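Summary of structural features
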Amino acid sequence: MTTYRPPRMKFGIFMGPFHRLEENPTVAFERDLELLERLDRFDFDEAWIGEHHSAGWEIIASPELFIVAAAERTKKLRLASGVLSLPYQHPLIVADRFVQIDHMTRGRAILGIGPGALSSDAYMLGINPLDQRRMMNEALDVIMRLFHGEVVTFETDWFRLHEARLQIAPYTHPHPPMAVAAAGSPAGAQAAGRHGIDMVSFAGLSEASGQALSRTWSWYEAAAGEAGHTVSRDQWRLGVPFHLADSREQAVAEAREGYERELVEYFGGTISSATQPDAATIEAGIEQGGAIVGTPDDAIAGIERLLEMTGGFGGFLARAHEWGTWEQTVRSYELFSRYVIPHFRGQLDAKRSSQEFVAATPDAKISRAAVEKAFSDAGIDVTSPEEQAAARRR
């Protein structure tokens, strides 16, 4: 299998977010916004903001509100709904509001959509989980028609439209960038492929995960081909959690308590009962490829492995977790920015080439004879090599 390697990989964060039950939600919202400010300065490309309505850990109910607030605090970071659950809202309202966000962010917004991840959300809304993927497709079809300027009359068992149209055209032509979450089933991949829009998947580094991701790509590509679209691997983003530190041992020690609490209390004890106690350790998570915990070199190796396993993709998203302290979390993203991102953007090649050229070319080195001549021309006694070196450093 030929591996696609993007000339400039996109890097971002997929922010559920995850906050412990004991957390002050007001302060947690503020910290989430501050993290996006840091990522903007750290040269990340994107931030994806989740929508959840239950279970107490993932507390953002409106990605749109959060995106607008974050847009005022950032300069270049692209801001995405990660993702809007289409069965929970009328498609005309989704399209209308996102066109407004497209204008207010000057084209920095991405409309990410999905069927809804938490069954508890659907339960409270009286929605049968078996209907959610059908409902997502019905809403997505209408949103695409509205984005392309159509007048839509359409009726289903859960919404109606009568000569509906957008009152303003999108800021971005022909419409804001879009993506569908594709996790587990073929529904998301096929919906994205049918409309030729981007796809977002969650990933692991195990062989089983690689096989599942390859199937997801094949569903996406096949659906796009049937609909007459050509899609590229640059349209595929994969999300993996990470925590980095200056050594692997330090990273594991920093992340252990937060990782294991989240796995047991939220993923195991709240939204699922599948997590076994003997698997709920950070060592097991690393061994099973569910997370990258270590140094920047470990992150580079993990992403390289993911590229080889899947055949390639265009964007890598950190699934945001607060496993360490605030300072440790910020340091983790800073290390990723300084040492991992430039590796996959080709930013180091020119620097290395220049260093190797100077190291191998005698005529390109600082000439002691030239320095001594400068002293002689000035009528000043030649200083020692140590003094000359000190003068150059100044």
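Shown above is the structure to which this text applies.
Bear in mind that the values here come from a model prediction, so they are computed numbers and not experimental data.

For strand β9 (residues 198-202), a buried count of four out of five residues is recorded, marking the element as mostly surrounded by other parts of the structure. Bridging between strand β8 (residues 178-181) and β9 involves three bridges; their strand directions are parallel. Looking at the pairing, Val180 lines up with Met199 of β9. Traced from β8 through helix α6 (residues 186-195) to β9, the parallel crossover comes out right-handed. Where β9 meets strand β10 (residues 236-240), four bridges bridge the pair, whose relative direction is parallel. Across the sheet, the residue bridging to Met199 is Trp236, located in β10.

Across all of its chains, the model carries two cavities of 30 Å³ or more by this definition. Its volume calculated, the largest cavity comes out at about 70 Å³. Secondary structure elements with two or more residues in the lining of the largest cavity: α1 (25-41) and α11 (326-345). The calculated volume of the second largest cavity comes to roughly 40 Å³. Taken together, Phe242, His243, His321, Thr329, Ser332 and Tyr333 make up the full set of residues lining the second largest cavity. When residues of the lining of the second largest cavity are assigned to their parent elements, the largest contribution, three residues, is made by α11. Of the residues assigned to the lining of the second largest cavity, the class counts are two nonpolar, four polar and no charged.

Moving on, we get to the environment of Arg108. One can find Arg108 in the loop between α3 (91-104) and β5 (109-114). Along the chain, Arg108 and Thr329 lie 221 residues apart, while their C-alpha atoms are 25 Å from each other. Those residues within four positions of Arg108 in sequence are excluded, and the remaining contacts are Ala71, Thr74, Lys75, Lys76, Leu77, Arg78 and Leu79.

A few words on α3. Taking 1.5 Å per residue, 14 residues should reach 20 Å; α3 reaches 20 Å between its end C-alpha atoms and fits that length. Within the span of α3, buried status applies to Pro91, Val94, Ala95, Phe98, Val99, Ile101 and Asp102. The arc enclosing the buried residues of α3, seen along the axis, measures out at 160 degrees, which places them on a common side. Where α3 is buried, its residues contact α2 (63-73), β3 (78-81), β4 (84-85), β5 and α5 (132-147). Following α3 by one or two positions, Arg106 adopts a phi angle in the positive range, close to 55 degrees.

One pass over the structure, following the stated rule, counts 31 salt bridges. Measuring nitrogen to oxygen at the nearest pair gives 2.9 Å for the salt bridge that ties Asp246 to Arg331. One end of the pair, Asp246, is in the loop between β11 (242-244) and α8 (248-268); the other, Arg331, is in helix α11, with 85 residues separating them in the sequence. Ionic pairing is found between Arg338 and Glu334, a salt bridge with its closest N-O pair at 3.9 Å. Taken as a pair, Arg338 and Glu334 lie in helix α11 at a separation of four residues, close to a single helical turn. The exposure class assigned to Arg338 is partly exposed, which follows from its relative accessible area of 43%. When salt bridges that share partners are traced, they join Arg8, Asp43, Asp45, Lys76 and Arg345 into one network.

What counts and how
- Residues numbered from 1 in each chain as written.
- Predicted model: local features only at pLDDT ≥ 70, side-chain atom pairs only at ≥ 80, totals over all residues.
- Heavy atoms only, no water.
- Buried < 20%, exposed > 50% of the residue type's maximum accessible area, 1.4 Å probe, protein only.
- Helix = DSSP H or I, 4+ residues; strand = E, 2+ residues; numbered from the N terminus.
- Pairing = 2+ DSSP bridges.
- Right-handed = clockwise from strand over helix to strand, strands pointing away.
- 1 Å grid on protein atoms, 1.4 Å probe; cavity = no way out; pocket = protein on both sides within 12 Å on 5 of 7 lines; lining within 4 Å.
- Points joined across faces, edges and corners; volume = space filled by probe spheres on them.
- Nonpolar A, V, L, I, M, F, W, Y, C, P; charged D, E, K, R; others polar.
- Contact = heavy atoms within 4.5 Å.
- Expected span 1.5 Å × (residues − 1).
- Arc of directions from axis to C-beta.
- Salt bridge = Lys/Arg side-chain N within 4 Å of Asp/Glu carboxyl O.

No statement about biological role is implied by the geometric values presented.
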